[in-house]
Amino acid sequence: MKIIRSSKTSLKFLTEKKRQTLYGVMDEYSCLVNLFIEMFWGNEFAKKDLTKDITNIPHSWLTARMRQCAAREALGMVDGEKTSVQEMDRESVKPHHSGRKMILSAQVVKIENSQSNQFNYWLVLTSIGHKIKINMPIKSHRKMNQFYNWKRSTTVTIHREYVQFSFEKETDKKLTTGKNVGIDVGINHLLATSDQELIGSEVKQQINKIKAKKQGSKKYKTAKKALSYYLHKMVKDYFSQHKNLRLVVVEKLKHLKRGKSKNRGKAFRKTLSNWNYRELLNIIEMRCEENRVSFRSVNPYKTSQTCPTCTHVERENRSGEKFLCLRCGYEEHADLVGAQNILERFLSGQYGAAFKAD
Ligand SMILES: [Zn+2]
């Protein structure tokens, strides 16, 4: 199966003149994307419909190739909004391109090796329109170098301050032997596993650090980065210490409904924000992919109130971090109970049979 990763590289080596030219192209591109959104919004368009006849309609000085990129991005935004409306159960809002990025194909952007010892690559934009050609010097860095044996995608996303490349790799099939583990993610312990492990007890402290800073300030951003680093580090360590895994089961991310606080998901009650929660699950999923471990998620409904031994469900079974079954007396740390139930819910469900021990 294919796995995809991305890496950012700064555009800080651009001369002021090139930067202004680039921004001029980005502004025009953005206008064009918004014109396409007007065309596609409320109409049925698919990728195959983006013929020259269609992409030539809006007025712009950009070339047919650039129009093709803009039309694709517009269609992606319209389709993305449709999907998101269904998933989140909310009113639809016509998307708007802010001009902060361009998703360009190999028809207009090429990567050439640089002969200079100052830079590694030239990112070359051609066939844009107005006979513009921009050569942008790029430096490689440690994260990018990790992908040296991956296949680089020909699509490049250009932002105002940086460029984003994507890399693909084929991995071997998922492992068919090994251990199944359920993971409950939370604020007291980042990861609680069905193998009785509690990992990462500094999450709360890290989140409180963020809360103490003024939103949007430099210190706030630094604290957020530190949390993100912490999430990555804990998950990375977990996987390097557990090489025998075959399956990881987590809670399914619940979508938060806007403006209805009483319906907000478990993540919110735990004060680990929705964003961090999503990021953490993504990190776990990525590590699973890289280690050929299957990744599944289950509905977390009452996983922390259900007794893993006698299946008795009662809210009072749980009190804070403590779980004590009011029917059979089973006692355990509540997060560990959650993890056991998450795994059990998947294994006893319709897709779990394939993973049950032989
Ligand atoms: Zn019980």
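Here, the structure is the one placed above.
Colleague: I'd like a rundown of the overall build of the chain, residues and numbers included.
Modeller: A tally of regular secondary structure across the chain gives nine helices and 15 strands. Dimensions of the chain, computed from the C-alpha atoms along their principal axes, are close to 80 × 50 × 50 Å. Across the chain, contacts joining residues at least 24 apart in sequence account for 62% of those joining residues at least 6 apart.

Colleague: Outline the environment of Ser-114, supporting the account with residue identities and numerical values.
Modeller: As for its placement among the helices and strands, Ser-114 is situated in the loop between strand 3 (109-113) and strand 4 (121-125). By the C-beta count within 10 Å, which is 16 here, Ser-114 ends up partly exposed. Measuring from C-alpha to C-alpha, the distance between Ser-114 and Pro-137 comes to 8.2 Å, with 23 residues separating the pair along the chain. Sequence-distant contacts of Ser-114, defined by excluding residues within four places in its chain, comprise Phe-119, Asn-120, Tyr-121, Trp-122 and Pro-137.

Colleague: Residue-level account of the packing of helix 5 (residues 203-212) against helix 6 (residues 218-241), with values.
Modeller: Two numbers describe how helix 5 lies on helix 6: the axes approach to 8 Å, and their chain directions differ by 165°. Relative to helix 6, helix 5 is oriented roughly antiparallel. The interaxial crossing formed by helix 5 with helix 6 has left-handed handedness. Here Gln-206, Ile-207, Lys-209 and Ile-210 of helix 5 come into contact with helix 6, specifically with Tyr-220, Ala-223, Lys-224, Ala-226, Leu-227 and Tyr-230. In the contact of helix 5 with helix 6, the residues fall into seven nonpolar, one polar and two charged.

Colleague: Tell me about the packing of helix 1 (residues 16-40) against helix 3 (residues 64-88), and please be specific about residues and values.
Modeller: Two quantities define a packed helix pair, namely the angle between the helix axes and the distance between the axes. Their axes nearest at 8 Å, the elements helix 1 and helix 3 cross at an angle of 55°. Classified by the angle between their axes, helix 1 and helix 3 sit oblique to one another. Here helix 1 and helix 3 pass one another in a crossing that is right-handed. Listed contacts from helix 3 to Tyr-29, Leu-32, Val-33, Phe-36, Ile-37 and Phe-40 of helix 1 are Met-66, Arg-67, Ala-70, Ala-71, Glu-73, Ala-74, Leu-75, Met-77 and Val-78. Among the residues making up the contact of helix 1 with helix 3, the classes are represented as 13 nonpolar, no polar and two charged.

Colleague: Give a description of the sheet that holds strand 11 (residues 245-251) that names residues and reports values.
Modeller: On the basis of which strands lie adjacent, the open sheet formed by five strands has the order 10-9-8-11-12 and mixed pairing. Among the strands making up the open sheet, the edge pair consists of strand 10 (198-199) and strand 12 (294-298). Sheet analysis places strand 8 (residues 179-185) next to strand 11, joined by four bridges and oriented parallel. Residue pairing across strands places Val-181 opposite Val-248, the latter belonging to strand 11. Contacting strand 8, strand 9 (191-193), strand 10, strand 11 and strand 12, helix 9 (residues 334-347) crosses the sheet at an angle of about 130° to strand 8.

Colleague: If you had to explain unusual backbone geometry to someone new, which residues and values would you point to?
Modeller: If you check the backbone angles, Ser-127 has positive phi at about 50° while not being a glycine. Of note, Ser-127 is situated in the loop between strand 4 and strand 5 (134-138). Taking the number of C-beta atoms within 10 Å as the measure of exposure, Ser-127 has 15 and is therefore partly exposed. Of note, Arg-292 is a non-glycine position whose phi angle comes to about 60°, a positive value. Turning to its location among the elements, Arg-292 is positioned in the loop between helix 8 (274-290) and strand 12.

Colleague: Which residues make up the nonpolar core, and what values go with them?
Modeller: As a rule of thumb, nonpolar side chains are buried together in soluble globular proteins. Grouped together as the largest cluster of nonpolar side chains are 32 residues, with contacts concentrated most on Ile-183, Val-248, Val-249, Val-250 and Ile-284. Contributing elements (two or more residues each) for this core: strand 8, strand 9, helix 6, strand 11, helix 8 and helix 9. A total of eight residues in this core trace back to one element, the largest contributor, which is helix 9. Excluding its chain neighbours within four sequence positions, the residues that come into contact with Val-249 are Gly-182, Arg-296, Ser-297, Val-298, Ile-342, Leu-343 and Phe-346. If you look at the next biggest cluster of nonpolar residues, it comprises 30 residues, including Phe-40, Ala-71, Ala-74 and Val-156.

Colleague: Could you give an account of the sheet that holds strand 3, with specific residues and numbers?
Modeller: The strands making up a sheet associate through hydrogen bonds between their backbones, and the pairing can be parallel or antiparallel. Spatially, three strands are ordered 3-4-5 in an open sheet, and the strand pairing comes out antiparallel. With partners counted over all chains shown, the strands left at the sheet margins are strand 3 and strand 5, one partner each. Averaged over all pairs of adjacent strands, the angle between their axes in this sheet comes to 25°, without regard to strand direction. Here strand 4 pairs with strand 5 via five bridges, running antiparallel. Within the sheet, the bridge partner assigned to Trp-122 lies in strand 5 and is Pro-137.

Colleague: Break down the pairing of strand 8 for me, with residues and values.
Modeller: When you tally the buried positions in strand 8, you get six out of seven residues, the bulk of the element. With antiparallel pairing between neighbouring strands as the criterion, strand 8 and strand 9 make up a hairpin whose turn holds five residues.

Colleague: Break down the environment of Glu-91 for me, citing the residues and quoting the values.
Modeller: Position of Glu-91 relative to the elements: it lies in the loop between helix 3 and strand 2 (101-104). Taking C-alpha positions, Glu-91 is 35 Å from Phe-167, a pair spaced 76 residues apart along the chain.

Colleague: Outline the environment of Tyr-220, listing residues and values.
Modeller: Structurally, the position occupied by Tyr-220 is in helix 6. Taking the C-alpha atoms as reference points, Tyr-220 and Lys-18, separated by 202 residues in sequence, lie 32 Å from one another. Excluding residues that lie within four positions of it along the chain, Tyr-220 makes contacts with Ile-210, Lys-213, Lys-214 and Gln-215.

Calculation criteria
Residues numbered from 1 in each chain as written. Predicted model: local features only at pLDDT ≥ 70, side-chain atom pairs only at ≥ 80, totals over all residues. Helix = DSSP H or I, 4+ residues; strand = E, 2+ residues; numbered from the N terminus. Contact = placed C-beta atoms within 7 Å. Buried ≥ 20, exposed ≤ 12 C-beta atoms within 10 Å, placed from the backbone. Axes fitted to C-alpha atoms, helices over the stretch in contact; angles between N-to-C directions. Parallel < 35°, antiparallel > 145°, perpendicular 65-115°, else oblique. Left-handed = near helix turned anticlockwise from the far one by under 90°. Nonpolar A, V, L, I, M, F, W, Y, C, P; charged D, E, K, R; others polar. Pairing = 2+ DSSP bridges. Core = buried A, V, L, I, M, F, W, Y, C linked by C-beta atoms within 7 Å.

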